[in-house]
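The lines below spell out each chain.
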Amino acid sequence: LLLKKTSAKKQEAIDITREIQTAADQNNWRNGALFAFARHCTCALVLNEFEPRICSDYFKLLETLVNKKGWAHNEIDDNAAAHLAACLVGSHCMIPVREGRLALGTWQKIILLEFDGPREREIELVFIETK
Ligand code: ZN
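Cut-offs and rules
Residues numbered from 1 in each chain as written. Predicted model: local features only at pLDDT ≥ 70, side-chain atom pairs only at ≥ 80, totals over all residues. Heavy atoms only, no water. Helix = DSSP H or I, 4+ residues; strand = E, 2+ residues; numbered from the N terminus. Rg over C-alpha atoms; globule rule 2.2 N^0.38 Å. Buried < 20%, exposed > 50% of the residue type's maximum accessible area, 1.4 Å probe, protein only. Contact = heavy atoms within 4.5 Å. Areas by Shrake-Rupley, 256 points an atom, 1.4 Å probe, with all protein chains shown as cover. Pairing = 2+ DSSP bridges. Axes fitted to C-alpha atoms, helices over the stretch in contact; angles between N-to-C directions. Donors = N, O, S within 2.8 Å, 3.2 Å for Na, K, Ca; no water. Core = buried A, V, L, I, M, F, W, Y, C linked by side-chain atoms within 4.5 Å.

Caption draft 1: Focus on the overall build of the protein. A tally of helices and strands in the protein yields 4 helices and 8 strands. Counted from the first residue to the last, the protein has its helices and strands arranged as β-β-α-β-β-α-α-α-β-β-β-β. The C-alpha atoms of the protein give a radius of gyration of 16 Å, which matches the 14 Å a tight globule of 131 residues would have. Along the first, second and third principal axes, the C-alpha set of the protein runs to 50 × 30 × 25 Å. Each of the 131 residues in the protein was classed as buried or not, and the buried ones make up 41%. Across the protein, every contact between residues at least 6 apart in sequence was considered, and the portion connecting residues at least 24 apart equals 82%. Carbon and sulfur atoms provide 53% of the accessible area of the protein, an area that totals close to 7800 Å².

Caption draft 2: Expanded view of the sheet that holds strand S4 (residues 43–48). With antiparallel pairing, the 3 strands of this open sheet are ordered in space as S2-S7-S4. Of all the strands in the sheet, the pair left with one neighbour each is strand S2 (12–15) and S4. This sheet shows a mean twist of 30 degrees between the axes of neighbouring strands, independent of strand direction. Sheet topology places S4 next to strand S7 (residues 109–114); 6 bridges connect them, and they run antiparallel. In the sheet register, Ala44 faces S7, and the bridge partner there is Leu113. Against the sheet, helix H2 (residues 52–65) engages S2, S4 and S7, with an angle of about 45 degrees to S7.

Caption draft 3: Structural view of the coordination of the zinc ion. Taken together, His73 (NE2), Asp77 (OD), Asp77 (OD), Asn79 (OD1) and His83 (NE2) make up the full set of protein donors to the zinc ion, lying 2.0 to 2.6 Å away. The sequence motif formed by the donor residues of the zinc ion is H-x3-D-x1-N-x3-H. Taken together, the positions of His73 in the loop between H2 and helix H3 (74–77) and His83 in helix H4 (residues 80–89) put the pair 10 residues apart, joining distant regions of the chain. Looking at His73, the relative accessible area reads 27%, which means it is partly exposed. Look at His83 and you get partly exposed, because its relative accessible area is 22%.

Caption draft 4: Geometry of the nonpolar core. By size, the foremost hydrophobic cluster in this structure holds 21 residues, and its most contacted members are Ile16, Ile20, Leu34, Leu45, Ile123 and Leu125. At the level of secondary structure, the elements contributing two or more residues to this core comprise helix H1 (17–26), strand S3 (32–38), S4, strand S5 (92–98), S7 and strand S8 (120–129). Dropping the residues within four chain positions of it, Leu125 is found in contact with Leu1, Leu3, Ile20, Ala23, Trp29, Leu34, Phe35 and Ala36. Residues Ala13, Ala44, Phe59 and Leu62 belong to the second largest nonpolar core, which totals 13 residues.

Next comes the structure, spelled out in structure tokens:
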């Protein structure tokens, strides 16, 4: 199942937990694991708290790790830092599903981290059923 999400800014944290839960509800995904996969090179998926200050800290951390300038790829489309941030975070996550509910911790959300928006993003959702 393909979930489409459009970012509005260059860098943005987008909580997609509710849409993924809705997909589970509509498809009657009951017990198993849900694999979420971002089909892109300059955004990432993370499981963590969606709170404005920590959301800005995710980007702050990545900016301390990845310089904006000096990368070879910048000669192509000037977004190497976005590619490298996406590499560090990862493009997928897996969530257990129990009795139709995403079995997330109290503060855990599924967050799309946009590093090179605004763009339309596609998240592939694959449900793996267990007995
Ligand atoms: Zn690029």
